[in-house]
Structures are given as structure tokens and as C-alpha cells.
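# Remarks on the overall topology
What follows is the residue order along each chain.
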2 protein chains.
Amino acid sequence: MAATIRDVARASGVHVSTVSRTFSAPHLVNAETRNRVLAVAEDLGYRPNRAARALTTGRTHNIGLIVADISNPFFPPLIKAAQAQARARDYHVFVADTDEDPQVEEELIQTLAKQVDGVLLCSPRLSNRVIERLHAEVPFVVVNRRVKGMPTILMDVGQGARLAIEHLTGLGHHRIALLSGPSGSWTSGEMRAAAAEMDGVELVILGPNAPTERGGLAVAEEVIASGVTGVLAYNDLVAIGLIEGLYERGVRVPDDISVVGVDDIVAGRLNRPKLTSVAMPTAAAGRMAVDLLLQSFDEGATPTLATLDTHLVVRESTDRAALFPRG
Amino acid sequence: MAATIRDVARASGVHVSTVSRTFSAPHLVNAETRNRVLAVAEDLGYRPNRAARALTTGRTHNIGLIVADISNPFFPPLIKAAQAQARARDYHVFVADTDEDPQVEEELIQTLAKQVDGVLLCSPRLSNRVIERLHAEVPFVVVNRRVKGMPTILMDVGQGARLAIEHLTGLGHHRIALLSGPSGSWTSGEMRAAAAEMDGVELVILGPNAPTERGGLAVAEEVIASGVTGVLAYNDLVAIGLIEGLYERGVRVPDDISVVGVDDIVAGRLNRPKLTSVAMPTAAAGRMAVDLLLQSFDEGATPTLATLDTHLVVRESTDRAALFPRG
DNA sequence: ATGTTTCATGCAACCGGTTGCAGCCCCTGA
DNA sequence: TCAGGGGCTGCAACCGGTTGCATGAAACAT
């Protein structure tokens, strides 16, 4: 089938080690020899087998990227940024989706462990304990989850939640619902903690909810029953689903209830009403995650913790509370 | 570091080949020995290194899945279905994104070639010539592109385009714009060909357009200038962007112009107006793609061509043409 | 008691690369 | 003339597994 290093060696009359060096340490081989080998390799369509190389070097030059749900539009910008950054560093990214299933997540990490140099865990659903155990098999960078002793990238969603709630109270909303996410979600906990310590707010916690528009649709009834005038949803998908559900029940946004999402995904911008949302620095997180991971290979570097700021994008889904003076 | 097969062999007092067989051909080893080896392996946290195994067996049990743009919501259902199907067959899927760049696509295939047993090419942007050349290095299944001699899955988008146009003409639209996609897109060509041979339609072709809402936004001005009353967009994202662009210019959908998208993505269902769209059997395509690929490993099987039907989902973005009798 | 199977295991080569070490050649300087 | 050193290449072991073949023991048939 495909030409191997020995085919090239034979055809160019040198030893395999010389061919090997031609590709992995060119400065060690005479220019003339090198050119001959390269010509033969080109001719035979030879390409070094990265997997075989990894066997001796211990470096695959691949990194794994595990996300909970690839169809959640929150992830693609992060994935793309990570891929671009990795490519620039001569690495490749393999993406895998766990379907929000911790079991699958663990299995995936196990499989990936030997085929990549490190793994980016984005919004993992596994428990910290399991993550720490798996860490023995492969280096991690964790995104949106705090695990001690591991390089971590956090998006400051607590700050985002505060901004969102301040925005709502500023508009006269005082009874506010917080739609929480999946039970394993660190993000959800952060939002809840941040919201709980704010003054002048009657907080109603509803959930856990699936982090999808379906989750938002399903909770609409409860939101109405709770008598709130403002809602902070776990993410934009939930917010969009909720708005849809409210709409079906004759409750209008933002006239009757104001809704804030999180993530600032494209669909929110195209939604009607356009969604007010907490914007997450996903692309920056993707780039930084790759850099942190590569960095962790080189040195016995101490694990870094990076916290990235979020900000609020005000659009049309929030407005003054109904009983609040309009003028 | 991680335990190897030799560590296990030493600790359990057998030869490495026995350990190897314990995992890859258990029936060849005595039950008692097997249990002892398994216990030791468990104890040491040993897991077979799939990459090393692949070196001799030639089977990685991985498959690659290459898409043009992971942030296009058309792909995730396909990806998820492929992953689920692969898992059921004891295979794993690595996803990679080409950013719509043929150069990147080729490079990615080259890299993946040795690390997977086969590759699913979804809506590739490479030319058939290049695809055929690369086929020497790794088995393919091609989705939404016709390449001779290769297992192929097509979604019958020509039929979908006909359904959409019939729907529009039935509503009294006779001057219809077709917003084409990227220049390398097979899908786009099929739509165009199908549309061109329909009677009673004045077809205006606009494009190529980027297959994103941005692409739709950008072409809005041209659509208005063309004087059409009906539009068939390359996909839902383009349709959504177009509707947004028309809206900004005071043109209303479906009152002034009717718009049909393709793919039936979730965002289209949440859009206002809800999008009329040609639904693609993406999940079925993902499952079938995996099966076709695995099948192509086993036998010297002749490459199959599967064509999957599409159907039209009518929602709110299409209505009677303005001059068409309403009653 | 002997020949034949069957079962379980060990041996060693191999997959496609990498790399420390040794050896050769040639150039330099004393 | 010869020691020393640099540049280039070959040798062979190694990475972590798999597998065809040989071996040995036990079980069975004759």
C-alpha cells in the first residue's frame, strides 16, 4: 500500500535512519543526500506515519477536544478558535461529542488518551473526582469548570449573571427567575451563587433544565406560574425556547416578561425579539485553552488559572417592568 | 507512566503474547490464566494502546468525519448520528472542520489518513480530481457529492428544489430567485439544474453566496432589485439572513416576498416568521455513511450509491404572491 | 504402551518509525 | 606526519502491541 520509510530507504540507497532524519532532523543530513531522499519520497508519495512516530517520541501532535453537545451553538466558535490556534502550532484537533452523557465522556477520554497529547475538556459533566483520576492518563485543560491542580479556563459567568440582574433590576424587575442548567454544570452553580448574593432581588430558582430550546419550552408554564417579571436563563437556547413557550401561551416578551440569555449565540441575534444576552469570550477561551495545553507539555509548569471577562449585550428581549414608570 | 503490556506480563508471570491474547482473542487463553491477567491489568490500570495495536493490525477502529463548517447547524445532527452509529459498532469518530477551505481540507485528510480506517467527507469543497487522488491513501464515503467509484450518500436536493418551486408557483409566484451556495458545492449545482428545467418559472440566479446568514444578509439588496416575489435559498442560514436583510429594508416576509430555505434546521423553526424549508434526512445520512464505510472495509464490496429523499416543511415564510387572488 | 489431537503458552519477527552510539572520511593545525 | 575534531551515515535497540509457528503437556484413541 502506502510507501513506508523502508521503501524510500531502499529506493534511494540509504539507511532508514537517514530517511528518518531527512524528515525529523534535516540539518543532520547532507544537503545532497537530503534532496535525493526527498525526491524519491515525493516520487513514491511517502508521508511519515504520525501514529508510528508517536510510538517512539511519545508525541502525537494531536489534541482532543471534548464537548457536551456539538449542536449547542455555544461550542462551535470555541472549537474553531482552538482548531485555528492548534494548526498554527502544528497540531491537529479531534473533536468528540459526549451527548451530555458522563459515561460516554469517560469512555471517550480513555480512548482518546493514547491518541492525543492532551485533551481540552469543555463544560465537562463528569465529577471532579473522576476528572482527577483520568488526569493520570492524559494532560487536561478544563474549560468552564474548576478542578484543583489542573490548568483551567473560566469565563466569569458569575460576573455576567450580576450584570444581567443589575440590568433587570434597573428596569424595575425585582422578582426574577433563574433557570438553572444540567445538574453537573459548574456554570449553573456559579450563576446561582452570584445571583443569590445580590440585594433587592426576590430570586426564584427553576430547574434543572436541559440546556436546549426544548428545556426552555418545557419550563414556560412554571415561569408564568411563578409570577416573575424578569428571567435569567441558563443559556440562549433555553431563553429562545422559553420565549417561544411564553408566546404560545399569550405572554409577550419583553412587554410582559423580560428575558436574558447567556452565550450570545448567533441565533439569539436573529431571534425576534432579538435576545439580550451575556456574551462569553468563547473564541479567546479556545485559543487560550490550546496554548495552556501546549505549555503544560513543555515544562513541569504550574497549572494556570485564567478567568475571562463576560459582558452584557442589551437587545430587545428586555424592557421596563410593566408597573414601572415608563417616562 | 501508563502500564504497558510488558508490565502486565511481568506482574502476572506470563509472556506478553498471552496478555495480548487475553484482550484481543480471549478464547485462546485458559480461563484461569485469563482471569489472573485481567485482575493484574485492572490493578495496574492497563489499557491496550490502540495506536500501537493499529500498527500491526492496520485497524485503528477510528473514523474521521470532515465537515466544511461545524458551526453550520446542518451538520450536528449528522455528526451525532454518525457518532452514535459508530459507537454501536465499536468505532470512534474524530470530527474536524475545514473552515470551507479546500487547502485545509486536503491537509486534514492527509493527516487523518494514517490515524483512522476511513473518512466521511461531508459536503466536501475539494474537486473530484483531488478527492480521487486522495482516495488512494484512505477509504472514503462521500456525502452530498457525486464522485465516481466511491461509496456515496446523496440527499436528493434536486427533488427538494422541485418541491419548493412547485410550492411557490402554486402560491402564484412565477419570478423566483435561486440563491446559490459556494462555488465548489455539489448541492448548489443540483438545485440549479433541477430548478432550470421547471416550466412556468422565470429563474433568477444570484450568487455564489457564503452559506451563512451573513451571505443571506449580503444578497438582500440584489434580491429586492431583481423584482422576484419568491426565493429559494441555498440553505436555512442564508434564508434567515436574507429575511433579516429584507426586514431591515422594509420588505416583509411572507407579505412581500416568500422565502424557502433548505436543511430545516432548528433555528429556522424558531425564527419569526417560522421558515418554510426543505428537510434533509441528515441523521439517516450520518448513520448510513458509517455503515457504508465499515462495509467497504470488509469486502472488496462494490461502492454503493444511496439517495435519500427530502421533503418540504411548510411554515410561515411563504404565502400567496401579492397579486394573486387571496380568496 | 504408543500415536494422535487438542489446548495453552512461549518465542521471535514484525508493524513504521526514532535515536544513542559508533565508525568512517576528510579537514585542520601543530 | 599525526592527533583531534566535525560532518555524515549506518547499526541496532526500542516504542507497544500482534501473530504464525513451535513446543509441551494433557487427553484421548488404539
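For the structure itself, look to the data block above.
The structure presented is a predicted model; accordingly, all values stated were derived computationally and were not measured.

What counts and how
- Residues numbered from 1 in each chain as written.
- Chains lettered and ligands numbered in written order.
- Predicted model: local features only at pLDDT ≥ 70, side-chain atom pairs only at ≥ 80, totals over all residues.
- Heavy atoms only, no water.
- Helix = DSSP H or I, 4+ residues; strand = E, 2+ residues; numbered from the N terminus.
- Rg over C-alpha atoms; globule rule 2.2 N^0.38 Å.
- Buried < 20%, exposed > 50% of the residue type's maximum accessible area, 1.4 Å probe, protein only.
- Areas by Shrake-Rupley, 256 points an atom, 1.4 Å probe, with all protein chains shown as cover.
- Lys, Arg positive; Asp, Glu negative; His and termini not counted.
- Charge placed at Lys NZ, Arg CZ, Asp CG, Glu CD.
- Near = heavy atom within 4 Å.
- Polar contact = N/O pair within 3.5 Å; in protein donor to acceptor, adjacent residues only side chain to side chain.
- Nonpolar A, V, L, I, M, F, W, Y, C, P; charged D, E, K, R; others polar.
- Contact = heavy atoms within 4.5 Å.
- Salt bridge = Lys/Arg side-chain N within 4 Å of Asp/Glu carboxyl O.
- Least-squares fit on C-alpha atoms with pLDDT ≥ 70 in both.
- Pairing = 2+ DSSP bridges.
- Axes fitted to C-alpha atoms, helices over the stretch in contact; angles between N-to-C directions.
- Core = buried A, V, L, I, M, F, W, Y, C linked by side-chain atoms within 4.5 Å.
- Phe/Tyr/Trp six-rings, centres within 6.5 Å; stacked < 30°, edge-to-face > 60°.
- Lys NZ or Arg CZ within 6 Å of the ring centre and 35° of its normal.
- Parallel < 35°, antiparallel > 145°, perpendicular 65-115°, else oblique.
- Left-handed = near helix turned anticlockwise from the far one by under 90°.

Moving on to the overall build of chain A. If you tally the helices and strands in chain A, you get 13 helices and 12 strands. Taken over the C-alpha trace, chain A has a radius of gyration of 25 Å; the compact-globule value for 327 residues is 20 Å, which it surpasses by more than 25%. Principal-axis analysis of the C-alpha atoms gives chain A an extent of 90 × 35 × 30 Å. A burial count over chain A gives 55% of its 327 residues as buried. Of the roughly 13,800 Å² of accessible surface on chain A, a fraction of 50% belongs to carbon and sulfur atoms. The average position of the 32 basic charges and that of the 38 acidic charges among the side chains of chain A differ by 6 Å.

For DNA strand D, the set of nearby residues contains 27 residues, the closest of which are Thr18(A), Thr33(A), Ile5(B), Ser20(B) and Arg53(B). When the atoms of DNA strand D within 4 Å of the protein are sorted by group, sugar and phosphate make up 56%. A distance of 3.4 Å separates a base nitrogen of DNA strand D from a polar backbone atom of Ala52(B). With respect to DNA strand D, the side chain of Arg53(B) contributes an N or O atom lying 2.5 Å from a phosphate oxygen. For the surface near DNA strand D, the secondary structure elements donating two or more residues are helix 2 (16-24) and helix 4 (50-57) of chain A together with helix 1 (5-12), helix 2 (16-24) and helix 4 (50-57) of chain B. Per element, the largest residue contribution to the surface near DNA strand D is 5 residues, and it comes from helix 4 of chain B. Per-class residue counts for the surface near DNA strand D are 9 nonpolar, 13 polar and 5 charged.

Taken together, the 42 residues of chain A in the interface contact 42 residues of chain B. Applying the counting rule to chain A against chain B returns 10 salt bridges. At the boundary of chain A and chain B, one finds 21 residue pairs in polar contact (both at pLDDT 80 or more). Every element with two or more residues in the side of chain A that touches chain B is listed here: helix 4, helix 5 (75-88), strand 2 (92-97), helix 6 (102-113), helix 11 (236-248) and helix 12 (266-270) of chain A.

It is worth spelling out the relation of the copies chain A and chain B at this point. For the pair of chain copies, the relating operation is a rotation around an axis with a shift along it. The operation relating chain A to chain B is a screw motion whose rotation component is 180 degrees, with 0.0 Å of axial translation and a residual RMSD of 0.1 Å. In symmetry terms, the pair is related by a two-fold rotation axis.

Inspection of every chain in the model, using the stated rule, returns 28 salt bridges over all chains. Ionic pairing is found between Asp99(B) and Lys80(A), a salt bridge with its closest N-O pair at 2.7 Å. Note that Asp99(B) is positioned in the loop between strand 2 (92-97) and helix 6 (102-113) and Lys80(A) in helix 5, a pairing that runs across two chains. A residue is classified by how much of its surface remains accessible, and Lys80(A), at 18% relative accessible area, is buried. In this structure, Asp291(A) and Arg89(A) form a salt bridge, with 3.2 Å as the shortest nitrogen-oxygen distance. Here Asp291(A), found in helix 13 (residues 282-298), pairs with Arg89(A), found in the loop between helix 5 and strand 2; they are 202 residues apart in sequence, far enough to count as distant. For Asp291(A), a relative accessible area of 25% corresponds to the partly exposed category.

Residues and elements named next belong to chain A. Spatially, the 6 strands line up as an open sheet ordered 7-6-8-9-10-12, and their pairing is mixed. Sheet topology places strand 7 (202-206) and strand 12 (311-313) at the edges, where each strand pairs with a single neighbour. In this sheet, neighbouring strand axes are inclined to one another by 20 degrees on average, regardless of whether the strands run parallel or antiparallel. As paired strands, strand 6 (residues 175-179) and strand 7 are joined by 5 bridges and run parallel to one another. Pairing of Ile176 across the sheet is with Leu203, part of strand 7. Where helix 11 meets the sheet, its contacts fall on strand 6, strand 8 (230-233), strand 9 (258-263) and strand 10 (276-279), and the angle it forms with strand 9 comes to roughly 155 degrees.

So, about the nonpolar core. Counting 96 residues, the largest nonpolar core has Leu65(A), Ile153(A), Leu232(A), Leu65(B), Leu120(B), Ile153(B) and Leu232(B) as the members making the most contacts within it. Not counting the four nearest positions on each side in its chain, Ile153(A) is found in contact with Val141(A), Val142(A), Val143(A), Asn144(A), Ala285(A), Met288(A), Ala289(A), Leu292(A), Ala306(A) and Leu308(A). Val119(A), Leu134(A), Ala96(B) and Met150(B) belong to the second largest nonpolar core, which has 40 residues in total.

As a further point, take the protein's contact with DNA strand C. Taken together, 27 residues lie near DNA strand C, and Ser20(A), Arg53(A), Thr56(A), Thr18(B) and Thr33(B) sit nearest. In the environment of DNA strand C, a sugar or linking oxygen lies 2.9 Å from a nitrogen or oxygen atom belonging to the side chain of Thr56(A). One nitrogen or oxygen atom from the side chain of Arg21(B) is found 2.9 Å from a base nitrogen belonging to DNA strand C. If you list the elements that add at least two residues to the surface near DNA strand C, you get helix 1 (5-12), helix 2 and helix 4 of chain A together with helix 2 and helix 4 of chain B. Along the lines of polarity and charge, the residues of the surface near DNA strand C split into 9 nonpolar, 13 polar and 5 charged.

Right, let's get into the sheet that holds strand 6 (residues 175-179) of chain B. Residues and elements named next belong to chain B. Pairing in this open sheet of 6 strands is mixed, and the strands run 7-6-8-9-10-12 from one edge to the other. Strands at the two margins of the open sheet, each flanked by one partner only, are strand 7 (202-206) and strand 12 (311-313). Averaged over all pairs of adjacent strands, the angle between their axes in this sheet comes to 20 degrees, without regard to strand direction. Across 3 bridges, strand 10 (residues 276-279) lies against strand 12 in antiparallel orientation. Bridging from a neighbouring strand, Ser277 pairs with Val313 of strand 12. Helix 8 (residues 157-170) contacts strand 6, strand 8 (230-233), strand 9 (258-263), strand 10 and strand 12 of the sheet and is inclined by roughly 165 degrees relative to strand 8. The sheet strands contacting helix 11 (residues 236-248) are strand 6, strand 8, strand 9 and strand 10, and the helix crosses strand 9 at an angle near 155 degrees.

Another aspect to go through is the packing of aromatic side chains. Scanning the model with the defined rule gives 7 aromatic pairs over all chains in all. One residue, Arg272(A), lies across the ring of Tyr247(B), its end atom 4.2 Å from the ring centre.

This brings us to the packing of helix 5 (residues 75-88) of chain B against helix 13 (residues 282-298) of chain B. All names here are of chain B. Between helix 5 and helix 13, the least distance of the axes is 7 Å, while the angle of their chain directions is 40 degrees. Taken as axis vectors, helix 5 and helix 13 run oblique relative to one another. Here the hand of the crossing between helix 5 and helix 13 comes out right-handed. Counting all contacts with helix 5, which are made through Pro77, Leu78, Ala81, Ala82, Gln85 and Ala86, the residues of helix 13 involved are Thr282, Ala283, Ala285, Gly286, Arg287, Val290 and Asp291. Along the lines of polarity and charge, the residues of the contact of helix 5 with helix 13 split into 8 nonpolar, 3 polar and 2 charged.

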